[in-house]
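# Architecture at a glance
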Amino acid sequence: MTLTSALTDKLSEKRIVVAGGFIGGKWNTVSSRGKVFRVANPATGEVLAQISDLSTHATREAIDAAHAAQPGWAALSAKARADKLKALHRLMVENANDLARLLTLEQGKPFAEAKGEILYGAAYIEWFAEEARRVYGDTIPGHQADKRIMVIKQPVGVVGLITPWNFPNAMLARKLAPALAVGCTVVAKPAAETPLSALAIARLMEWAGFPPGVFNVVPGTDAAAIGQELCANPKVAKISFTGSTNVGKILMRQCADGVKRMSMELGGNAPFIVFEDADLDAAVEGAMVSKFRNAGQTCVCANRIYVHADLYDAFAEKLAAKMEKLRLGNGLEKDVTTGPLINEKAIEKVEALLADASEHGARISAIGDRPEGALFYPTTLVTGATGDMRIAREEIFGPVAPLFRFETTEEVIALANATEFGLAAYFYARDISKVYKVAEALEYGIIGINTGIISTEVAPFGGVKQSGFGREGSKYGIEDYLDIKYLCLSV
Ligand code: SIN
């Protein structure tokens, strides 16, 4: 249960993270099984922390603490809850540099990108602090002369939040903020690769004066046991999960017995379409930011880049030229634009997808240097990609840009929709009539039109089909944490 100097030497506020779970307002640095797990920097392999490896027992304690705290938290005025969230927002912004360094160290993304994530996460806290006071109900003209009908909204109760390693701060922030704003309490299970950012949020919440039990964090490597307890425990009213579709399906099965509410932000396979009338330079720029953000490890990364035959060669040339400017390396070093992948498994997956693409006739060009360090993967351009390749069907989660050629609008819409996923899609076109038709025809929850960046706290983030359900951010995001109650009054 220690933080190593590889971590603390990089922080100006060394107390910002504690190497243990946070349960009922106390730091639990001793696992009942006496186990610890290591958190390592994926860029260097250095161990950053040894953390108590909590499991079912601690999860149950955390649920009990959240359950005990929930009525008191919900009974506060919306303004009182909003004030606490605003205090958390202030602390996140004040400590943004340390939080970003922590994030880079445990996750690998470059410091500038990590700082962007911290401010993105903080923006959700601020947004939902503001929304807390706008949870309006309704009155409905009665169905009989003596009837008065009202609709009120109430917090669902205790929520279990299971968050991924690719955005260890922002994915937690955007679930936590609406939950707390409306009066739910929370048990969070961060990914074992990146628990430090979640523990730092808990630390800031402690400093902001949130009551004990309102927010609990259970770090641990036994994700299956912790997830199972969160899904099966009747004191938990809802699960919100961001991660793979396969794990999402397991959690859904586990929640079925309790008919538990869920929000699921699952895998993607984003098409990025460049039509013949696109602004070519803008499309290349958009593809760069969409594809290479977080070294290609986001659910909304361009996964299949479809380019009209008239522009294909020019697009490939311009994209390769931009890719040459990317610099892989340790995210705390100056000018690094692209960090490592998260673990060996991620490298193996990318390698397998590229081997398959090559066997099916694609041309693979690794662009730029590959620095020392096992987890760096060179940014790679794939030309001549076709629909029979695994790369067309599976989420790459790496810095690989496959280019597919198409001829007609109908053809490319059919190709773009030929997947079980439906999170984000992007396209570049200037004909306004085509813009509307394509946007309506794409079976996705989020569409970027002439832009490669769609993430913001003010808009609803979420997918359709096997990319999940529920929305995060915006006025819609708060509804995921509320029950609707209908009151019928006879006068
Ligand atoms: C994700 O990869 O799941 C989230 C990306 C984002 O919020 O932009």
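Placed above this text is the structure.
To keep things clear, this report deals only with the structure shown in the data block. Being a predicted model, the structure only gives us computed values, none of them experimental.

This paragraph deals with the environment of S77. Checked against the element boundaries, S77 lands in the loop between α2 (56–75) and α3 (78–94). Distance in space between the C-alpha atoms of S77 and A132 is 9.4 Å, their sequence separation being 55 residues.

This paragraph deals with the site of the ligand. Taken together, the neighbourhood of the ligand is formed by Y120, N166, F167, M171, R174, E265, R293, T298, C299, V300, S455 and F461. Contact between the ligand and E265: an oxygen atom at 3.1 Å from a side-chain N or O atom of the residue. C299 places a main-chain nitrogen or oxygen 2.7 Å from an oxygen atom of the ligand. When the free accessible area of the ligand is taken as 260 Å², the share hidden by the protein chains comes to 100%.

Spacing of three or four residues puts side chains on the same side of an α-helix, whose turn is 3.6 residues. Of the residues making up helix α15 (residues 432–441), those classed as buried are K434, V435 and V438. Looking straight down α15, one finds its buried side chains confined to an arc of 105°; they lie on one side. Exposed and oriented more than 90 degrees from the buried face of α15 are I432, Y436, K437 and E440. Where the residues of α15 are buried, they touch α14 (409–417), β18 (424–428) and β19 (446–449). Its side-chain oxygen 2.9 Å from the backbone nitrogen of S433, D431 forms the N-cap of α15.

On to the sheet that holds strand β4 (residues 36–40). With antiparallel pairing, three strands are arranged side by side in an open sheet as β1-β5-β4. Taken across any chain shown, the strands that pair with only one partner, and hence form the sheet edges, are β1 (2–3) and β4. Two elements, β1 and strand β5 (residues 47–52), share two bridges in a ladder whose sense is antiparallel. Paired with L3 across the strands is A49, a residue of β5.

The first and last C-alpha atoms of helix α12 (residues 344–359) sit 23 Å apart over 16 residues, in line with the 22 Å expected at 1.5 Å per residue. Looking at α12, one finds that the buried residues are A346, I347, V350, L353, L354, D356 and A357. Buried residues along α12 sit in contact with β15 (363–367), β16 (379–385), α13 (390–393) and β17 (400–406). Backbone geometry just downstream of α12 places G361 in the positive-phi region, at approximately 100°.

Right, let's talk about the sheet that holds β15 for a bit. Within a sheet, each strand pairs with its neighbour through backbone hydrogen bonds, oriented either parallel or antiparallel. Spatial strand order, β15-β16-β17-β14-β13-β18-β19: seven strands in an open sheet with mixed pairing. This sheet does not close on itself; its edge strands, each paired only once, are β15 and β19. Taking the axes of each pair of neighbouring strands and ignoring which way they run, one obtains an average angle of 20° across the sheet. As defined by bridge partners, strand β14 (residues 302–308) adjoins β17 across four bridges and the pair is classed as parallel. Each residue of the ladder has a partner; that of I305, found in β17, is L403. Across the sheet, helix α11 (residues 312–323) is in contact with β13 (270–274), β14, β15, β16 and β17; its angle to β16 comes to roughly 170°.

Once that is clear, we can look at the pairing of β4. A one-sided burial pattern is seen for β4, the buried positions being F37 and V39 and the unburied ones V36, R38 and A40. Relative to β5, β4 is paired through five bridges, and the arrangement is antiparallel. Counted as the bridge partner of F37 is I51 from β5. In this structure, the hairpin formed by β4 and β5 is closed by a connection of six residues, where G45 is found at a positive phi of approximately 80°.

Parameters and conventions
Residue positions are given per chain, counted from 1 along the sequence in the order it is written. The predicted nature of this model means local features are confined to residues of pLDDT at least 70 and side-chain atom pairs, given and counted, to a pLDDT of 80 or more, with totals for whole chains, interfaces and linings taken over all residues. Excluding hydrogens and water, the side-chain values take into account all heavy atoms of the structure. Helix numbering and strand numbering both begin at the N terminus, where a helix is a DSSP run of H or I of at least 4 residues and a strand a DSSP run of E of at least 2. We call a residue near a given molecule or strand whenever any one of its heavy atoms falls within 4 Å of it. Here a polar contact is taken to be a pair of N or O atoms separated by no more than 3.5 Å, where protein atoms must pair a possible hydrogen donor with a possible acceptor and residues adjacent in sequence count only if both atoms sit in side chains. Surface exposure here means Shrake-Rupley accessible area, sampled with a 1.4 Å probe, where a residue is shielded only by the protein chains that are shown. Burial classes: relative accessible area under 20% of the type maximum marks a residue as buried, over 50% as exposed, and values in between as partly exposed (1.4 Å probe, protein chains only). The directions considered for the arc run from the helix axis to the C-beta atoms. Note on contacts: a residue pair is in contact if any heavy atoms of the two residues lie within 4.5 Å. Only when DSSP finds a minimum of two bridges between them are two strands counted as paired. Multiplying 1.5 Å by the helix residue count minus one yields the expected span of that helix. Fitted lines through C-alpha atoms serve as axes, helices being fitted only where they are in contact, and the angles separating the N-to-C directions of these axes extend from 0 to 180 degrees.

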